[in-house]
Amino acid sequence: AAMSILVLGATSTVKQHILATGQLRDAVSSQATAEAAFALALQQLMAENKREPGIQNGQFQVMGMSVPVQVVPLNGWINLNGADEALLTRVFTVAGGLPAGQAESLAKDVKEWRDMRPQGDPDGLRNSGQNKRLFERVDDLMLVPGMDYDLFSRVRGLFVTDLDAGATVNVLAAPPEVLAVVAD
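Residues numbered from 1 in each chain as written. Predicted model: local features only at pLDDT ≥ 70, side-chain atom pairs only at ≥ 80, totals over all residues. Heavy atoms only, no water.

Q: Hey, could you go over the overall build of the protein for me, with residue numbers and the actual values?
A: When helices and strands are tallied, the protein shows five helices and four strands. Per-residue burial over the protein gives 31% buried out of 184 residues. For the protein, contacts bridging at least 24 residues in sequence account for 53% of all contacts bridging at least 6. Working note: accessible area of the protein is about 11900 Å², and carbon and sulfur atoms make up 57% of it. (Helix = DSSP H or I, 4+ residues; strand = E, 2+ residues; numbered from the N terminus. Buried < 20%, exposed > 50% of the residue type's maximum accessible area, 1.4 Å probe, protein only. Contact = heavy atoms within 4.5 Å. Areas by Shrake-Rupley, 256 points an atom, 1.4 Å probe, with all protein chains shown as cover.)

See the structure below:
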């Protein structure tokens with residue numbers, strides 16, 4: 001009886017290991033397929049040597065599967081680390097739905113938060129060599145006083161947090177949501 005219990009326990013453990021190994025194999029295979037599709041999309045972009053404006057969608061065959069790939073140019077979004085108060089005001093007015101005065105006040109608060117010396121950095125110097133705090137992720141916008149989640153959810157898709165780029169928005173690469181904000 002004791003031997004039967006040991007054999008059943010060992011069998012159960014082996015089955016669990018086989019299932020876990022199969023799941024890990026599937027995950028690795030999926031990741032490899034996605035990376036191969038990405039490499040094919042990048043190769044195609046480089047071979048054609050032309051950049052179409054906006055978001056591009058494509059399908060690539062990898063290991064007998066059709067994998068959808070979406071190429072999104074990041075320079076068509078608004079850089080939180082480079083946007084001036086006027087552009088931020090337009091974002092909060094047009095996309096956020098705030099009244100003009102409230103949008104101006106929040107834009108000023110965002111700029112002040114961004115330009116403030118970082119805590120724990122007495123010299124105020126960052127790796128970028130700038131004397132200001134930078135947004136590392138778009139979610140950091142929630143750290144700005146006056147920003148609530150409803151407004152954040154309406155404007156979050158318009159921003160990127162590029163540490164090196166300026167305030168320029170490439171309108172040829174911008175999605176319709178950004179174009180609505182930057183259009184005069």
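Q: I'd like a description of the confidence of the model for the protein, backed by residues and values.
A: When pLDDT is averaged across the protein, the result is 83; 84% of the residues are at 70 or more. Taken as a whole, residues 123-129 scores under 50 in pLDDT and shows 14 contacts with residues more than four places along the chain or in a different chain. (pLDDT = per-residue confidence, 0-100.)

Q: Lay out the packing of aromatic side chains with the relevant residues and their values.
A: Centre-to-centre distance and the angle between the planes together describe a pair of aromatic rings. Evaluation of the coordinates by the stated rule reveals two aromatic pairs. Ring centres of Y149 and F152 lie 6.1 Å apart, and the angle between their planes is 50°; on these two criteria the pair is classed as tilted. Of the two residues, Y149 and F152 both sit in helix α4 (residues 149-155), three residues apart, roughly one turn of that helix. F152 gets classed as buried once you look at its relative accessible area, which sits at 2%. (Phe/Tyr/Trp six-rings, centres within 6.5 Å; stacked < 30°, edge-to-face > 60°.)

Q: Before we move on, can you summarise the packing of helix α2 (residues 85-95) against helix α3 (residues 100-115) with the specific residues and values?
A: Between α2 and α3, the shortest axis-to-axis distance is 8 Å and the interhelical angle comes to 130°. For the element pair α2 / α3, the angle class is oblique. Taken as a pair, α2 and α3 cross one another with a handedness that is right-handed. Of the residues in α3, those touching α2 at E85, L88, T89, F92 and T93 are A100, A103, E104, L106, A107, K108, V110 and K111. Looking at the contact of α2 with α3 residue by residue, the classes come out as seven nonpolar, two polar and four charged. (Axes fitted to C-alpha atoms, helices over the stretch in contact; angles between N-to-C directions. Parallel < 35°, antiparallel > 145°, perpendicular 65-115°, else oblique. Left-handed = near helix turned anticlockwise from the far one by under 90°. Nonpolar A, V, L, I, M, F, W, Y, C, P; charged D, E, K, R; others polar.)

Q: For the nonpolar core, give the residues involved together with the corresponding values.
A: In terms of nonpolar packing, the biggest core is built from 30 residues, with I78, F92, V110, L141 and F159 touching the most fellow members. Of all elements in the fold, only α2, α3, α4, β4 (159-160) and α5 (176-182) reach the threshold of two or more residues within this core. In contact with F92, not counting residues within four places along its chain, are G97, L98, A103, L106, A107, V110, M147, L151 and V155. Core analysis: the next-biggest nonpolar cluster, separate from the first, contains six residues, A37, A41, F60 and V62 among them. (Core = buried A, V, L, I, M, F, W, Y, C linked by side-chain atoms within 4.5 Å.)

Q: Summarise the pattern of salt bridges; cite the residues concerned and give the values.
A: Inspection of the entire model under this criterion finds six salt bridges. Two residues, R114 and D115, come together in a salt bridge whose shortest N-O distance is 3.6 Å. Judged by relative accessible area, which is 4%, R114 ranks as buried. With its nearest N and O atoms 2.9 Å apart, the salt bridge here joins D139 to R156. With D139 in the loop between α3 and α4 and R156 in the loop between α4 and β4, the pair connects residues that are 17 residues apart, well separated along the chain. Note on D139: relative accessible area 34%, which makes it partly exposed. Through salt bridges that share partners, K111, R114 and D115 make up one connected network. (Salt bridge = Lys/Arg side-chain N within 4 Å of Asp/Glu carboxyl O.)

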